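Inside the fold
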Amino acid sequence: MSPKKLTALIGATALAAALAACGSSGSSTDAGSMQVMMYPSVAYRLPVIVAQEKGFFADEGLSINIIAQPNNLQGIQALEATKSQAGMMSTSTLAQGIQAGSQVQAFCGGLEVTQSSIVAPADSKLPSVHDGATADEVFAALSGLKVGAQTPVGSGFQVMFDAALKQGGASNLNWVNIGGSNSVTQASLQNGSVDVAQSSPSGTQMLVETGVAKELVYMPDSSDLYGKLYGSPWVGPTSWLKEHPETAKAFCDGTAAGLDYINDPANHDEVLQISMKDSGIKDEKVAEAVLKTYSKGYSADLSTDVIQKTFDEYVKLGIVKPEPALDATAIVNTVGREQ
């Protein structure tokens, strides 16, 4: 063999070895595997689904298994029952679970706000911020009406909703628990069992874009309880997070990459199709409206200071007890992304 051919062969062999060392995932590290629990078809899934679809978790050396979150169990109970390592849950659920003795921590950002809207039947005469009314005018107009709540009266989620409406000027509210099902919300509005209802993505967009309802106000834009208190972080078992910090960080970094991909206009058409496939939404107009919700409120970063402020406000509202005291520095695991 000539020296020139031998040199070329050695170079090609070295290149092949280098590519093999990188692995098919594009990562030289092995972050391991984990099980992620999520409700089917809900909007918050998309960053994880995109990260899985585009190989961002694989880039981190991570393999994930996605399972459905049970409807009949509270968030932390569901996490424990399914033996999952990650699940997104509201900060109030996290706080109440920890005070009840659950050994879990928040380790990655999800929703910085509580995404919630007030909707009314499409032909309702109630004022809407989209028609030029102020949020206070909307809240005041709700006085004496039947309000559909997504969770039982007295639950942390309903208590915060009630407090926000009253702070905005509403009074004499009549609460009806209609649950979080989009179909039940629609039926409750149409049969008059409620005058207005609480709604969250992608249910809000489905109701509005199909002409069933109109949005009166988006709560994070009009209430400090919704816009300045932390919404829902990713939560995992404390023992698992302690033993697998690199896996938790890989999940958080992969989710962040998925969110960046969603918010890049160049990827719009592809992301829209991924979203429609995962959510089951067949109306492209509805899917477009849901996709717009990712431009604000979502972040993989997690602020200990904001979590602590949220806990403190929950104590004032009676959502959680003063004791045992909730210390965000112990509850927020910093293996992920901290602001």
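Residues numbered from 1 in each chain as written. Predicted model: local features only at pLDDT ≥ 70, side-chain atom pairs only at ≥ 80, totals over all residues. Heavy atoms only, no water.

Structural notes on the overall build of the protein
Counting secondary structure elements, the protein contains 17 helices and twelve strands. By its C-alpha atoms, the protein is 90 × 45 × 30 Å across when sized along the principal axes. Residues classed as buried in the protein amount to 51% of the 339 residues present. Residue pairs in contact within the protein that sit at least 24 positions apart in sequence constitute 78% of those at least 6 positions apart. Roughly 15,300 Å² of accessible area belongs to the protein as shown, and the carbon and sulfur atoms make up 52% of that amount. (Helix = DSSP H or I, 4+ residues; strand = E, 2+ residues; numbered from the N terminus. Buried < 20%, exposed > 50% of the residue type's maximum accessible area, 1.4 Å probe, protein only. Contact = heavy atoms within 4.5 Å. Areas by Shrake-Rupley, 256 points an atom, 1.4 Å probe, with all protein chains shown as cover.)

Considering the pattern of salt bridges
Pairing of side chains with opposite charge becomes possible as their charged atoms draw close. The full count for this structure, using the stated rule, is eight salt bridges. Of the charged contacts, one joins Glu 270 and Lys 54 as a salt bridge, the two residues approaching to 2.8 Å between their closest N and O atoms. Of this pair, Glu 270 sits in helix α14 (residues 268-279) while Lys 54 sits in the loop between α2 (46-53) and α3 (56-59), and the two are 216 residues apart along the sequence. Taking relative accessible area as the criterion, Glu 270 reaches 31% and is therefore assigned partly exposed. (Salt bridge = Lys/Arg side-chain N within 4 Å of Asp/Glu carboxyl O.)

Some remarks on unusual backbone geometry
Here the amide bond leading from Pro 201 into Ser 202 is cis, since omega sits at 0°, within 30 degrees of zero. Looking at where Ser 202 falls in the secondary structure, it is placed in the loop between β8 (196-199) and α9 (203-209). Here the amide bond leading from Glu 323 into Pro 324 is cis, since omega sits at -5°, within 30 degrees of zero. By the element assignment, Pro 324 lies in the loop between α16 (304-317) and α17 (328-331). Located in the positive-phi region is Lys 83, a residue other than glycine, with phi close to 55°. Mapped onto the fold, Lys 83 is located in the loop between α4 (75-81) and β3 (86-88).

Regarding the environment of Thr 151
Considering the arrangement of structural elements, one finds Thr 151 in the loop between β6 (146-149) and α7 (156-168). Along the sequence, Thr 151 and Ile 178 sit 27 residues apart, while their C-alpha atoms lie 7.3 Å from each other. Apart from the residues lying within four places of it in its own chain, the contact partners of Thr 151 are Phe 157, Gln 158 and Asn 177. A polar contact of 2.7 Å, which involves the side chain of Thr 151, links it to the side chain of Ser 155. A polar contact is formed between the side chain of Thr 151 and the backbone nitrogen of Gln 158, at a distance of 3.4 Å. (Polar contact = N/O pair within 3.5 Å; in protein donor to acceptor, adjacent residues only side chain to side chain.)

Side note on the state of the cysteines
Following the criterion strictly, the structure yields one disulfide and no others. What pairs with Cys 108 in a disulfide is Cys 252, and their sulfur atoms sit 2.1 Å apart. One disulfide, between Cys 108 and Cys 252, carries an S-S torsion of 90° and so falls in the right-handed class. Taken together, the residues Cys 108 in strand β4 (residues 104-111) and Cys 252 in helix α13 (residues 245-262) connect sequence positions 144 residues apart. (Disulfide = S-S within 2.5 Å.)

Observations concerning the sheet that holds strand β1 (residues 32-38)
In spatial order, the strands read β2-β1-β3-β10-β4; together these five strands make up an open sheet with mixed pairing. Looking at which strands have only one partner, the edges of the open sheet turn out to be β2 (62-68) and β4. Taken pair by pair, the neighbouring strands of this sheet meet at an average axis angle of 25°, ignoring direction. As paired elements, β1 and β2 share seven bridges and run parallel to each other. Each bridged residue has a counterpart across the sheet, and for Gln 35 the counterpart in β2 is Asn 65. (Pairing = 2+ DSSP bridges. Axes fitted to C-alpha atoms, helices over the stretch in contact; angles between N-to-C directions.)

Quick word on the layout of surface pockets
In this structure, the largest pocket encloses a volume near 1,400 Å³. Those elements giving two or more residues to the lining of the largest pocket turn out to be α5 (91-99), α7, α8 (182-190) and α9. Within the lining of the largest pocket, the residues separate by chemical class into 15 nonpolar, 25 polar and no charged. What lines the second largest pocket is a set of 17 residues, and nearest its centre among them are Thr 204, Gln 205, Glu 215, Ala 289 and Thr 293. Secondary structure elements with two or more residues in the lining of the second largest pocket: α9, β9 (213-218) and α15 (284-292). Looking at the lining of the second largest pocket residue by residue, the class counts come to four nonpolar, six polar and seven charged. (1 Å grid on protein atoms, 1.4 Å probe; cavity = no way out; pocket = protein on both sides within 12 Å on 5 of 7 lines; lining within 4 Å. Points joined across faces, edges and corners; volume = space filled by probe spheres on them. Nonpolar A, V, L, I, M, F, W, Y, C, P; charged D, E, K, R; others polar.)

Section: the pairing of β6
Pairing of β6 with strand β7 (residues 174-177), which is carried by four bridges, proceeds in the parallel orientation. When the sheet's bridge partners are listed, Val 147 is paired in β7 with Trp 175. This β-α-β element, β6 to α7 to β7, shows right-handed connectivity. By the bridge criterion, two bridges tie β6 to β8 in an arrangement that is parallel. Bridge pairing in β8 places Val 147 opposite Val 196. (Right-handed = clockwise from strand over helix to strand, strands pointing away.)

Some thoughts on the packing of aromatic side chains
Counted by the stated rule, this structure contains eight aromatic pairs. With a centroid separation of 5.4 Å and 65° between ring planes, the pair formed by Phe 161 and Trp 175 is classed as edge-to-face. Residue Phe 161 is located in helix α7, and its partner Trp 175 is located in strand β7; the two are separated by 14 residues in the primary sequence. Here a set of aromatic residues connected by ring pairs shows up, and it is made of Tyr 44, Phe 57, Phe 107, Trp 234 and Phe 251. (Phe/Tyr/Trp six-rings, centres within 6.5 Å; stacked < 30°, edge-to-face > 60°.)

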